[in-house]
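Working through the structure, step by step
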Amino acid sequence: MSNVSNEFMDEHFYSNCTHSSDTMTNSGSDDSYQAVEWKNVIPEKWDCELVQNYIAHILYRNEFDNDRIVITQDKFRECNGQKLMRMQHHDFIQLDPDSGTVIYREFQELNRTPHTITKTARSKREPAAKKPRTPSTRGRKPGQLSKGNHLWEFLRDLLNDDRSNPHLLKWVNREEGIFRIVKSEQVAKFWGDKKKRPKMSYEKMSRAIRFCRDVGYFGEVPKNVGHPKKLIFKFGNKAHGWDKKDPNANLDFLKNISY
DNA sequence: TAATGATTTCCTGTTT
DNA sequence: AAAACAGGAAATCATT
């Protein structure tokens, strides 16, 4: 509740974080992969969401699995149509080595041909779309992200923000994805702000972390490696975007691609 | 609407 | 002793 709190309560703090999870679109389901809202708009006018819609569509057609699609979408989370058009082949590869070339080529091809606006994009089925997808039931599909405002993403974004990094939490071993929460109650309060949970506490947030650890968003912290034993956490297999080696962790170069 | 993923809330017990 | 850590159980919320 100190001055620090006021500083962080500033709405700019979170509004500036829209580049991360907040703009993530819901495109994990088979239905949304087949939805082609982007066809309603010319690429120049695509917002981040339409770009994600496009990315999902391309990857889906190219047989990328669900998890892969979700992760790649996140890597393009800061891109709108303008930026996409400014990006060169190597930019795509830098963002995602696995699918960069595919997306780049598809996008080039799209821009090469006159873009015809599809009016009934929603109901349009992709002829090329095969059927090897997992038969979906209802609700959220495995690996599908909802709004992106997940605990591991929140913590990741805090770690990537110098307004919180050394002060509220910090890396203990960035290469390993190990970090330390310094101001536990403060971090929990901000988490509560984001989730609109005024009663959030570190005790409850840490319970959530333990659940998230069970499903792979966080991992087991190697024991007896020097660092203290309390308030130490580690990102797990299902978390991404925190790794320095992962271009997703540093999207600065995108800022040079102006409008 | 019902199913589902991701917490949130509460609690008891253990460890640091 | 205080703050964390561990989980079980049940409730809640958002999303499809």
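Quick summary incoming for the structure in this document. Values in this document were obtained by computation on a predicted structure and should not be read as measured data.

**Topic: helix 4 (residues 48-61)**
Taking 1.5 Å per residue as the helical rise, helix 4 with its 14 residues ought to reach 20 Å, and the 20 Å between its terminal C-alpha atoms agrees with that figure. Buried residues dominate helix 4, accounting for eleven of its 14 residues. All buried positions along helix 4 are accounted for by Leu50, Val51, Gln52, Asn53, Tyr54, Ile55, Ala56, His57, Ile58, Leu59 and Tyr60. At the N-terminal end of helix 4, a side-chain oxygen is found 3.1 Å from the backbone nitrogen of Glu49, two or three residues along, and the residue is Asp47. Looking one or two residues past helix 4, Glu63 carries a phi angle of roughly 70 degrees, positive in sign.

**Regarding the state of the cysteines**
Under the definition given, this model contains zero disulfides. The thiol of Cys48 is not disulfide-bonded; the next cysteine sulfur, from Cys79, is found 7.3 Å away.

**Focus: the packing of helix 9 (residues 151-159) against helix 11 (residues 184-195)**
The packing of two helices is summarised by the inter-axis angle and the distance between the axes. Relative orientation of the contacting elements helix 9 and helix 11 amounts to 120 degrees, with a least axis distance of 11 Å. For the element pair helix 9 / helix 11, the angle class is oblique. Helix 9 and helix 11 meet at a crossing whose hand is right-handed. In contact with Leu151, Phe154, Leu155 and Leu158 of helix 9, helix 11 contributes Val187, Phe190, Trp191 and Lys194. Residue composition of the contact of helix 9 with helix 11, by class: seven nonpolar, no polar and one charged.

**Description of the pattern of salt bridges**
The tally for this structure, following the rule as stated, stands at nine salt bridges. The closest approach of N and O atoms between Arg77 and Asp74, which form a salt bridge, is 3.2 Å. Judged by its relative accessible area of 4%, Arg77 falls in the buried class. Across the pair Asp96 and Lys75 runs a salt bridge whose closest N-O atoms are separated by 3.1 Å. Of the two residues, Asp96 sits in the loop between helix 7 (89-95) and helix 8 (100-112) while Lys75 sits in helix 5 (residues 66-75), which places them 21 residues apart along the sequence. Each of the two residues, Asp96 as well as Lys75, counts as buried.

**Describing the environment of Phe154**
Structurally, Phe154 can be placed in helix 9. Note on Phe154: relative accessible area 3%, which makes it buried. Put simply, Phe154 and Val187 are 33 residues apart on the chain and 9.8 Å apart in space, counted from C-alpha to C-alpha.

**Quick word on the pairing of strand 2 (residues 178-181)**
With four bridges joining them, strand 1 (residues 169-173) and strand 2 adopt antiparallel strand pairing. The partner of Trp171 across the bridge, within strand 2, is Phe179. Counted between consecutive antiparallel strands, the loop separating strand 1 from strand 2 contains four residues, among which Gly177 sits at a positive phi close to 80 degrees. The sheet contact formed by strand 2 and strand 3 (residues 232-234) spans three bridges and is antiparallel. Bridged to Arg180 within strand 3 is Ile232.

**Notes on the protein's contact with DNA strand B**
Around DNA strand B there are 18 residues in total, and Leu151, Trp191, Lys195, Tyr217 and Lys229 lie nearest to it. Backbone atoms, meaning sugar plus phosphate, form 73% of the atoms of DNA strand B positioned within 4 Å of the protein. Side-chain polar atom of Lys204 to a phosphate oxygen of DNA strand B: 3.2 Å apart, as the coordinates give it. Lys230 has a polar side-chain atom sitting 3.1 Å from a base oxygen of DNA strand B. Secondary structure elements with two or more residues in the surface near DNA strand B: helix 11 and helix 12 (202-214). A per-element tally of the surface near DNA strand B places helix 12 first, with six residues. Here the surface near DNA strand B is built from residues that sort into seven nonpolar, two polar and nine charged.

What counts and what doesn't
- Residues numbered from 1 in each chain as written.
- Chains lettered and ligands numbered in written order.
- Predicted model: local features only at pLDDT ≥ 70, side-chain atom pairs only at ≥ 80, totals over all residues.
- Heavy atoms only, no water.
- Helix = DSSP H or I, 4+ residues; strand = E, 2+ residues; numbered from the N terminus.
- Expected span 1.5 Å × (residues − 1).
- Buried < 20%, exposed > 50% of the residue type's maximum accessible area, 1.4 Å probe, protein only.
- Polar contact = N/O pair within 3.5 Å; in protein donor to acceptor, adjacent residues only side chain to side chain.
- Disulfide = S-S within 2.5 Å.
- Axes fitted to C-alpha atoms, helices over the stretch in contact; angles between N-to-C directions.
- Parallel < 35°, antiparallel > 145°, perpendicular 65-115°, else oblique.
- Left-handed = near helix turned anticlockwise from the far one by under 90°.
- Contact = heavy atoms within 4.5 Å.
- Nonpolar A, V, L, I, M, F, W, Y, C, P; charged D, E, K, R; others polar.
- Salt bridge = Lys/Arg side-chain N within 4 Å of Asp/Glu carboxyl O.
- Pairing = 2+ DSSP bridges.
- Near = heavy atom within 4 Å.

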